[in-house]
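Chain and residue survey
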Amino acid sequence: MIGYYVHHQGRGHLHRAVCVARHLRGPVVGFSSLPRPADWTGEWVRLPPDAGATDEDAPAAEGLDPTAGGRLHWVPRHHAGLRDRMGLIADWITRTAPRLFVSDVSVEMAVMARLMGIPVVVSAMRGDRSDAAHRLGYDMAEALFAPWPEAVPESGWPRHWLDKTVHTGAFSRYDGRPRVPGPSSGRGEVVVMLGAGGSGIGADDLRNAAAATPDWSWTFLGGPDTGRWVDDPWPLLCRADVVVTHAGQNAIAECAAARTPAIVIPQDRPHGEQHATARALRDTGLATVRFTWPAPGEWPGLLEQARKGDGERWSAWAPGDGARRAARLLDRLAAATPQEGRVPCA
């Protein structure tokens, strides 16, 4: 039995968990404040929201020591939501004695499971993870799985993290799915994919970019009020000549699966996660990267530059079997006996 915690921010953590779970040999139980996904085959425990770990919650947490003196990320004193969430998972661990617990991603969940004697695997994130909480979570994990290629390591990681890391490459729900040909309109096709995690890009930014490029047809997904939410953007990604997206791990993985050239504009996230991913893509030449939203007059040349890129180069970032690699790691660790200890995996 494996327990799998899924963070509620955005949808990337959820998509990643579903991808890995479908390849696991044994039973897996999901834990999240998100609703159960339709394609999750095991048990799903809906956690109460803890109303925590966001900038909007910070004022309400003042005086509650939410970081436990800087050692954790979100453990405010006497917080009922936090207590109820931890209690549900602790009770499940007591009753079922799982072989392994996966955190994607919460240091607090990882610490609690390990304090109860359960080996933990942490889904690694790019960016500066040198704070005390991340060091604790990464140090005590049996293994880290990193959804990016080993050839583009995260700078500054200590040797003992790298030694227990499996670099799976990026993976998404679309791995192995045939490309969907779309009708040709005679104009360039741009899909802007901003996702559900907050973008910082305004509707005027999108309208001005489209107005400056009359030879291109724009489709907006997510983001401000000009966009729409599409549960399955795969046909749009395949049809596009260029995708404009943020640098979230899941968004990049979906672009890579479609082998569509991309313009990547990272958004501000804790620990500089998206900026670190964008730098890696820029340095490897896998995407056209801008660190601020371009002015209207820049868009015609920028789209043409991106369209000339070779979408097949995405295979270096997303080889197509990343979810299977992650599942093999989890199966191997779950099968290990207590005497065997940490399983070499790098």
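Report on the accompanying structure. What you are looking at is a predicted structure, and each value in this text was computed from that prediction instead of being measured. Counting of residues starts from 1 at the beginning of each chain's written sequence and follows it residue by residue. Since the coordinates come from a predicted model, pLDDT governs what is reported: local features require at least 70, and pairs of side-chain atoms require 80 or more to be given and counted, while whole-chain, interface and lining totals use all residues. As a convention, hydrogens and water are excluded, and side-chain values are obtained from all of the structure's heavy atoms.

Whether two aromatic rings pair depends on their centres lying within 6.5 Å, for rings of Phe, Tyr and Trp, where Trp uses its six-membered ring; planes under 30 degrees apart make the pair stacked, over 60 edge-to-face, and the rest tilted. One pass over the full model with this rule turns up eleven aromatic pairs. Look at tryptophan 40 and tryptophan 44: their rings are 5.0 Å apart centre to centre, the planes differ by 75 degrees, and that puts the pair in the edge-to-face class. Residue tryptophan 40 shares its accessibility class with tryptophan 44, and that shared class is buried. Aromatic rings pair up to connect Tyr138, Trp148, Trp157 and Trp161 into one cluster. The buried label applies to any residue whose accessible area, calculated with a 1.4 Å probe on protein chains only, is under 20% of its type's maximum; exposed applies above 50%, and partly exposed to all values in between.

A separate point is the sheet that holds strand β1 (residues 2-6). Pairing in this open sheet of seven strands is parallel, and the strands run β3-β2-β1-β4-β5-β6-β7 from one edge to the other. Both outer strands of the open sheet, β3 (43-46) and β7 (165-167), are each paired with one neighbouring strand and no more. Taken pair by pair, the neighbouring strands of this sheet meet at an average axis angle of 20 degrees, ignoring direction. Any two strands between which DSSP finds at least two bridges are classified as paired. Note on conventions: DSSP H or I runs of at least 4 residues are helices, E runs of at least 2 residues are strands, and numbering of each starts at the N terminus. Both strand β5 (residues 120-123) and strand β6 (residues 143-146) contribute to a ladder of three bridges, which runs parallel. Paired with valine 122 across the strands is leucine 144, a residue of β6. Throughout, a residue-residue contact means that at least one pair of heavy atoms, one from each residue, lies within 4.5 Å. Interaxial angles span 0 to 180 degrees and are taken between N-to-C directions of axes, which are lines fitted to C-alpha atoms, for helices over the stretch in contact. Relative to the sheet, helix α1 (residues 12-21) contacts β1, β2 (28-32), β3, β4 (100-104), β5 and β6, its axis offset from that of β1 by approximately 160 degrees.

Here the residue pair aspartate 104 and valine 105 is connected by a cis peptide bond, since its omega of -5 degrees sits within 30 degrees of zero. Mapped onto the elements, valine 105 comes out in the loop between β4 and α4 (107-115). Residue alanine 97 is not a glycine yet carries a positive backbone phi of 45 degrees.

Let's shift gears to empty space enclosed by the protein. Cavity and pocket criteria rest on a 1 Å grid covering protein atoms alone: a 1.4 Å probe that fits but cannot get out defines a cavity, protein on both sides within 12 Å along at least 5 of 7 lines defines an open pocket, and an atom within 4 Å of a point defines a lining residue. Grid points are joined across faces, edges and corners, and a volume is the space filled by probe spheres set on the points. If you walk through the whole model with that rule in mind, you get two cavities of 30 Å³ or more. Roughly 90 Å³ of volume is contained in the largest cavity. Lining the largest cavity are 13 residues, with Arg16, Pro147, Ala170, Gln249 and Asn250 sitting closest to its centre. Where the lining of the largest cavity is concerned, the elements lending two or more residues are α1 and α9 (249-258). A total of four residues in the lining of the largest cavity trace back to one element, the largest contributor, which is α9. Residues are grouped as follows: Ala, Val, Leu, Ile, Met, Phe, Trp, Tyr, Cys and Pro are nonpolar; Asp, Glu, Lys and Arg are charged; every other residue, Gly included, is polar. Among the residues making up the lining of the largest cavity, the classes are represented as seven nonpolar, four polar and two charged. Empty space within the second largest cavity amounts to approximately 40 Å³. Those elements that provide at least two residues to the lining of the second largest cavity are α4 and α5 (132-140).

Before going further, it helps to spend a moment on the sheet that holds strand β9 (residues 216-221). Pairing is parallel in the open sheet, where five strands are placed in the order β9-β8-β10-β11-β12. Edge positions in the sheet fall to β9 and β12 (288-289), since each has one partner strand and no second. Summarising the sheet, strand β8 (residues 188-193) and strand β10 (residues 242-245) pair through four bridges and their orientation is parallel. Counted as the bridge partner of valine 192 is valine 244 from β10.

Attention now moves to the side chain of glutamine 267. For glutamine 267, the position within the fold is in the loop between β11 (262-264) and α10 (273-284). The exposure class assigned to glutamine 267 is buried, which follows from its relative accessible area of 4%. Nitrogen and oxygen atoms within 3.5 Å of one another constitute a polar contact, given that in protein one can donate a hydrogen and the other can accept it, and given that sequence-neighbouring residues count only through two side-chain atoms. Among the polar contacts made by the side chain of glutamine 267, one reaches the side chain of arginine 269 at a distance of 3.0 Å.

Another point: the pairing of β1. Across the five residues that make up β1, a large majority, five, are buried. Burial of the side chains of β1 extends over both faces: Ile2, Tyr4 and Val6 are buried on one face and Gly3 and Tyr5 on the other. Crossover handedness is defined here as right-handed if the route from the first strand over the helix to the second strand goes clockwise, with the strands pointing away from the viewer. Read from β1 through α1 to β2, the crossover connection turns out right-handed. In terms of strand pairing, β1 meets β4 through five bridges, oriented parallel. The residue of β4 that forms the bridge with tyrosine 5 is serine 103.

For the rest of this paragraph, the subject is the pattern of salt bridges. We define a salt bridge as a side-chain nitrogen of Lys or Arg found within 4 Å of a carboxyl oxygen belonging to Asp or Glu. Per the counting criterion, the structure on display carries 14 salt bridges. Between aspartate 163 and arginine 159 there is a salt bridge, and its shortest N-O distance comes to 2.9 Å. Its relative accessible area of 43% is what places aspartate 163 among the partly exposed residues.

All of the buried residues along α5 are Ala132, Ala133, His134, Gly137, Tyr138 and Met140. Looking at the buried positions of α5, the neighbouring elements they touch are α4, β5, β6 and α6 (159-162).

Geometric descriptors of this kind do not, in isolation, establish any biological role.
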